[in-house]
Amino acid sequence: MSIERTLSIIKPDATRRNLTGAVCSYLEKAGLRIIAQKRTLLTRAQAEDFYDVHSERPFYNDLCIFMSSAPIVVQTLEGDNAIAKNREIMGATNPKNADIGTIRHDFAESIEANSVHGSDSLENAKREINFFFSEIEIVG
């Protein structure tokens, strides 16, 4: 077992529908600990900076508009194999392909409005956590 940290974002479609607590419940039931959390509203520039890795992809502009359209909840999660565990409980990016009982299957509205984001690697987790949180805000 490897204790890891990962970033989780509860996206605008989920915060608009007041699903923050429900999403957190899925994460905690999966054995992940929320060690930092805050609600924020991204500016367009912040969304562009955060998703810069996707800047050449056709969905980039729409993604940045969507992610700055309403509040999000960003969280640092910690646990055994946290990255893989979080990605498993999130489910497939396209909710039509997500397993029953995953966050995206149960809450997503579409492939874009799929309720959550999670880091996909240790390197990206570190970068993404540092984007939103200072070390003093993370309480393990």
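It should be noted that the structure appears before, not after, this text.
This text gives an overview of the structure that appears in the document. (Residues numbered from 1 in each chain as written. Predicted model: local features only at pLDDT ≥ 70, side-chain atom pairs only at ≥ 80, totals over all residues. Heavy atoms only, no water.)

1. Section: the pairing of strand 3 (residues 72–80)
Then, number 1: Within strand 3, eight of the nine residues are buried, which leaves it mostly tucked inside the rest of the structure.
Then, number 2: Pairing analysis gives seven bridges linking strand 2 (residues 33–40) to strand 3, with the strands arranged antiparallel. Bridge pairing links R39 to V73 in strand 3. (Buried < 20%, exposed > 50% of the residue type's maximum accessible area, 1.4 Å probe, protein only. Helix = DSSP H or I, 4+ residues; strand = E, 2+ residues; numbered from the N terminus. Pairing = 2+ DSSP bridges.)

2. Here we look at helix 2 (residues 20–29)
Then, number 1: Within helix 2, burial applies to T20, V23, C24 and L27. Down the axis of helix 2, the sector holding all buried residues measures 100°, keeping them to one side. Across helix 2 from its buried face, at more than 90 degrees, point the exposed residues G21 and K29.
Then, number 2: Once helix 2 ends, the next one or two residues include G31, with phi positive near 95°. (Arc of directions from axis to C-beta.)

3. Re the environment of I65
Then, number 1: Mapped onto the elements of the fold, I65 is located in helix 4 (residues 60–67).
Then, number 2: Judged by relative accessible area, which is 40%, I65 ranks as partly exposed.
Then, number 3: Sequence spacing of I65 and V139 is 74 residues, and the spatial spacing of their C-alpha atoms is 31 Å.

4. Description of the layout of surface pockets
Then, number 1: Its boundaries defined by the atoms lining it, the largest pocket holds a volume of some 520 Å³.
Then, number 2: Lining the largest pocket are 22 residues, and of these Y51, H54, F59, T93 and H117 sit closest to its centre.
Then, number 3: Counting residues per element, the ones that place at least two in the lining of the largest pocket are helix 5 (82–90), strand 4 (116–118) and helix 7 (122–132).
Then, number 4: No other element matches the three residues that helix 7 contributes to the lining of the largest pocket.
Then, number 5: Across the lining of the largest pocket, the residue classes break down as seven nonpolar, seven polar and eight charged. (1 Å grid on protein atoms, 1.4 Å probe; cavity = no way out; pocket = protein on both sides within 12 Å on 5 of 7 lines; lining within 4 Å. Points joined across faces, edges and corners; volume = space filled by probe spheres on them. Nonpolar A, V, L, I, M, F, W, Y, C, P; charged D, E, K, R; others polar.)

5. Things to note about the pattern of salt bridges
Then, number 1: Under the defined criterion, the tally for this structure stands at eight salt bridges.
Then, number 2: Among the ionic pairs, R5 bridges to E78, the shortest N-O distance being 3.1 Å. Of this pair, R5 sits in strand 1 (residues 3–10) while E78 sits in strand 3, and the two are 73 residues apart along the sequence.
Then, number 3: Here R5 falls in the partly exposed class, since its relative accessible area comes to 30%.
Then, number 4: The class for E78 is buried, based on a relative accessible area of 15%.
Then, number 5: Taken together, the shared-partner salt bridges in this structure form one network comprising R5, R33, E78 and E135. (Salt bridge = Lys/Arg side-chain N within 4 Å of Asp/Glu carboxyl O.)

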